[in-house]
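For reference, the chains in residue letters:
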Amino acid sequence: MEGIIFNIQHYSIHDGPGIRTSVFFKGCPMNCWWCHNPESQNPLIEEFYKSNSTAKVKEKQIIGKKTTVDELYNEIIKDRIFYNESGGGVTFTGGEPLMQSEFLISILKKCKENGIHTALDTSGFSSENIFNSIIDLVDLFLYDIKFIDEYLHKKYTGVSNKQIIKNLKILSESKKEVFIRIPIIPKITETKENIKQIIDFLKEINILKNICLLAYHKISESKYERFNMNYKLKGIKPPSKERLNEIREYFSKAGFNVTIGG
Ligand code: SF4
């Protein structure tokens, strides 16, 4: 079985505990305005041409490559010694890994059989069947929540959040370890109302206590230009430290454990 990935990052320390290998799956059903990996959204292998100002030629860049479960596993186990020493493992991210569910299930099984800690960084956007079939294979979920309001979710991500919310409720009943990740995008997700709605919703699911606030940054802006894509957040500045601390306080006061960053 083959899957399509677009990057493998070794020695990653922001996608779960310890030292990890992050595997980036290609393809995402969403289209978030702030996406840091816009080249991940199309599920197919793509060719881009970037101008090389020195040589005055266009340089071809291929995003995505096919890989088998065994090839990917062999790449993941290279760092086994670091996982063992640091309490790390592998994190599947993207894009949205659940979009390649069969491939994801196969590689998760292989990692589990060999005792490697598995984390899944997901938007939660998938059918209930698929979601149920991966729960037991994942040790830690990094689960994104962007909006509770469906209209805003559709506006800024392109899809409804109904299934995302349903899957999170299923996950909460599974007693798995979950970190809720909230992108803090000024004037979009960081509004007082949205933060309050997220807090109220999470309080209902009272076992999910770990929150990560992911501050918007502009590092990926140049990618949009490079890949000839429209960047909708031009002019938006990253949130200030004060605002991040304020939001952290709202969550802390409501009884959550909050970290800023991955
Ligand atoms: S869910 Fe993640 S990968 Fe998909 S578009 Fe949104 S930010 Fe990008």
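All of these numbers come straight from a predicted model, not from anything done at the bench.

Draft legend 1. Local environment of empty space enclosed by the protein. Enumeration over the complete set of coordinates arrives at 1 cavity of 30 Å³ or more. There is about 40 Å³ of room inside the largest cavity. Lining the largest cavity, in full, are M30, S123, D144, I145, K146, F147, H153, N161, I164 and I165. Its residues assigned to classes, the lining of the largest cavity comprises 5 nonpolar, 3 polar and 2 charged.

Draft legend 2. Spotlight on the site of the ligand. In the region of the ligand, the neighbouring residues are C28, M30, N31, C32, C35, S40, Q41, G95 and K146. Of the pockets mapped on this structure, the ligand occupies the largest pocket. For the shell around the ligand, the class distribution of residues is 4 nonpolar, 4 polar and 1 charged.

Draft legend 3. Fine view of the sheet that holds strand 9 (residues 177-184). Strands sit in the order 5-1-2-6-7-8-9-10-11 across an open sheet of 9 strands; the sheet is mixed. Of all the strands in the sheet, the pair left with one neighbour each is strand 5 (65-68) and strand 11 (257-260). Ignoring strand direction, the axes of neighbouring strands in this sheet form an average angle of 30°. With 4 bridges connecting them, strand 1 (residues 2-12) and strand 5 associate as antiparallel partners.

Draft legend 4. Geometry of the packing of aromatic side chains. The tally for this structure, following the rule as stated, stands at 12 aromatic pairs. Each ring, one from Y11 and one from F82, has its centre 5.3 Å from the other, and the planes form 90°; the classification is edge-to-face. Taken together, the positions of Y11 in strand 1 and F82 in helix 2 (residues 80-86) put the pair 71 residues apart, joining distant regions of the chain. The exposure class of F82 is partly exposed, given its relative accessible area of 32%. Through a chain of ring-to-ring contacts, three or more aromatic side chains come together here, namely W33, W34, F147 and Y156.

Draft legend 5. Representation of the layout of surface pockets. The calculated volume of the largest pocket comes to roughly 1000 Å³. If you trace the largest pocket, you find 36 residues lining it, with H36, N37, D121, R181 and L214 closest to the centre. Of all the secondary-structure elements, those providing two or more residues to the lining of the largest pocket are strand 1, strand 7 (118-122), strand 9 and strand 10 (210-215). The residue makeup of the lining of the largest pocket, split by class, is 12 nonpolar, 17 polar and 7 charged.

Scoring rules and cut-offs
- The written sequence of each chain sets the order in which its residues are numbered from 1.
- Predicted model: local features are reported for residues with pLDDT of at least 70 only, side-chain atom pairs are reported and counted for 80 or more only, and whole-chain, interface and lining totals are derived from all residues.
- Only hydrogens and water are removed before side-chain values are computed, so all heavy atoms of the structure are retained for them.
- Buriedness of a pocket was judged along seven lines, with at least five required to meet protein on both sides within 12 Å; pockets are open sets of points on a 1 Å grid over the protein atoms alone, cavities are sets where a 1.4 Å probe fits but cannot get out, and lining residues have an atom within 4 Å of a point.
- Grid points are joined across faces, edges and corners, and a volume is the space filled by probe spheres set on the points.
- Each residue receives one of three labels: charged for Asp, Glu, Lys and Arg, nonpolar for Ala, Val, Leu, Ile, Met, Phe, Trp, Tyr, Cys and Pro, and polar for the others, Gly being one of them.
- Nearness is defined per residue: one heavy atom within 4 Å of the molecule or strand is enough.
- Grid points define the cavity or pocket, and a molecule sits in it when more than half of its atoms lie within 2 Å of them.
- Pairing between two strands is assigned when DSSP locates at least 2 bridges connecting them.
- Per the convention used, a helix needs a DSSP run of H or I reaching at least four residues, while a strand needs a run of E reaching at least two, with both numbered from the N terminus.
- For every element, the axis is a line fit to its C-alpha atoms; helices are fit only across the contacting stretch, and the angle between N-to-C directions ranges from 0 to 180 degrees.
- Pairing of aromatic rings covers Phe, Tyr and Trp, the last counted by its six-membered ring, and requires centre-to-centre distances within 6.5 Å; plane angles under 30 degrees mean stacked, over 60 mean edge-to-face, and any other angle means tilted.
- Three labels apply to residues, based on accessible area from a 1.4 Å probe with only protein chains included: buried if under 20% of the type maximum, exposed if over 50%, partly exposed otherwise in between.

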